[in-house]
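Residue-level structure breakdown
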Amino acid sequence: MKKLLVLAAAVVAGAAAVFAGSLNDAFRAVSALPGMKVAENADSVDVAGPEFLDSLEVAYVNGLDGPQIRNVGNRLYDIIETLPMGEMVVGANNGLVAGFVYAEEIEGGGYEVLIVKATGEWGNVSAVYGLTDKATVDMMRQARVVMEGAKLRIEMRRELVSF
């Protein structure tokens, strides 16, 4: 019985250690993954959407090898799984590449947005965090998702938004 209680406490502690909380907390957790670098702009990442965000923060890693891909990928999914499904705007995963867009309403009527893309084939992970408005989140909800093997495009266009 004592071992079971210790095991349960360890599981709870482990879950709490990866709990992301807000989308900003999730971005901070992703940007702290091994090898991740913080960038000053979105030029170094391969994700759709940064052009629609304010107060942009970017983190990425490129060229991870096999063991690193597994380690970082598993830890990335641990973080993503802490986020409420209701905040996912769009997402896709085929085992070779995955991309997720999350949005959460914040005080004042704006939204915080987290965009994450990971490719196992090339060992790349990109994360973008920023702020936007409801119209942009509605546009993101209508994004076209195209998956071709290890390639993923999430196409966001303002003309898709109905006002």
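First things first, this report covers the structure right here in the doc. (Residues numbered from 1 in each chain as written. Predicted model: local features only at pLDDT ≥ 70, side-chain atom pairs only at ≥ 80, totals over all residues. Heavy atoms only, no water.)

1. Structural notes on the packing of aromatic side chains
The criterion, for reference: Each pair of aromatic rings taken from Phe, Tyr and Trp, with Trp reduced to its six-membered ring, is defined by centres within 6.5 Å and is described as stacked if the planes are under 30 degrees apart, edge-to-face if over 60, and tilted in the remaining cases. Under the scheme used here, helices are H or I runs from DSSP no shorter than 4 residues and strands are E runs no shorter than 2 residues, and both carry numbers assigned from the N terminus. The classification of residues rests on relative accessible area computed with a 1.4 Å probe and restricted to protein chains. Under 20% of the type maximum is buried, over 50% is exposed, and intermediate values are partly exposed.
Counting across every chain of the model gives two aromatic pairs. A centroid spacing of 6.1 Å and a plane angle of 35 degrees characterise the contact between F27 and Y129, whose relative ring orientation is tilted. Of this pair, F27 sits in helix α2 (residues 23-31) while Y129 sits in strand β6 (residues 124-132), placing them 102 residues apart in sequence. For the pair formed by F27 and Y129, the shared burial category is buried.

2. As for the environment of V125
For clarity, the threshold we go by: When checking whether two residues touch, look at their non-hydrogen atoms; a contact exists if any pair is within 4.5 Å.
Structurally, V125 can be placed in strand β6. Look at V125 and you get buried, because its relative accessible area is 5%. With 63 residues separating them in the primary sequence, V125 and N62 have C-alpha atoms 6.6 Å apart. Setting aside residues up to four positions removed in sequence, V125 forms contacts with M36, A59, Y60, V61, V72, L76, K117 and A118.

3. Thoughts on unusual backbone geometry
Leave glycine aside and you will find that most residues have negative phi; peptide bonds, for their part, are mostly trans. Phi angles above zero are rare outside glycine, and S55 is one such case at about 50 degrees. Residue position: S55 is located in strand β2 (residues 54-61).

4. Considering helix α4 (residues 134-141)
Applied cut-off: Working definition: the arc comes from the directions between the helix axis and the C-beta atoms, pointing outward to the latter.
For α4, the set of buried residues is T136, V137, M139 and M140. Angular distribution of buried residues about the axis of α4 spans 155 degrees; they occupy a single face of the element. Lining the buried residues of α4 we find β3 (88-93), β4 (97-105), β5 (111-119) and β6.

5. Focus: the sheet that holds strand β1 (residues 37-39)
What counts here: Strands are labelled as partners when DSSP assigns at least two bridges between them. Fitting a line to C-alpha atoms yields each axis, with helices limited to the stretch in contact; the angle taken between N-to-C directions then spans 0 to 180 degrees.
With antiparallel pairing, six strands are arranged side by side in an open sheet as β1-β2-β6-β5-β4-β3. Edge strands, defined here as strands with exactly one partner in the open sheet, are β1 and β3. Across the sheet, the mean angle from the axis of one strand to that of its neighbour is 15 degrees, orientation sign disregarded. Looking at chain direction, β5 and β6 are connected through nine bridges and run antiparallel. For E112, the partnering residue across the bridge sits in β6 and is L131. Strands β3, β4, β5 and β6 of the sheet are contacted by α4, whose axis makes an angle of about 30 degrees with β3.

6. Describing the pairing of β5
With nine of nine residues buried, β5 is to be regarded as a mostly interior element. Side chains of β5 alternate between two faces, with Y111, V113, I115, K117 and T119 and E112, L114, V116 and A118 buried alike. As consecutive antiparallel partners, β4 and β5 are separated by five residues, and within that stretch G108 has a phi angle of approximately 95 degrees, a positive value. Here β5 hands over to β6 after four residues, with G123 in that stretch at a positive phi of 70 degrees.

7. Structural notes on the nonpolar core
Operational definition: Think of a nonpolar core as a cluster: buried Ala, Val, Leu, Ile, Met, Phe, Trp, Tyr and Cys residues, connected wherever their side-chain atoms sit within 4.5 Å.
Within the largest apolar cluster, 23 residues are counted, with the highest numbers of intra-cluster contacts made by L76 and L114. Aside from chain neighbours lying at most four places away, what touches L76 is V30, L33, V116, A118 and V125.

8. Thoughts on helix α3 (residues 66-80)
Operational definition: Under the convention used throughout, the expected extent of a helix is 1.5 Å for every residue step, that is, one less than its residue count.
With 15 residues, α3 extends 21 Å between its outermost C-alpha atoms, agreeing within 8% with the 21 Å of an ideal straight helix rising 1.5 Å per residue. Here α3 has its buried residues at V72, G73, L76, I79 and I80. Each buried residue of α3 lies within a common arc of 120 degrees when the element is viewed along its axis, so the set occupies one face. Exposed residues lying more than 90 degrees from the buried face of α3 are P67 and R70.

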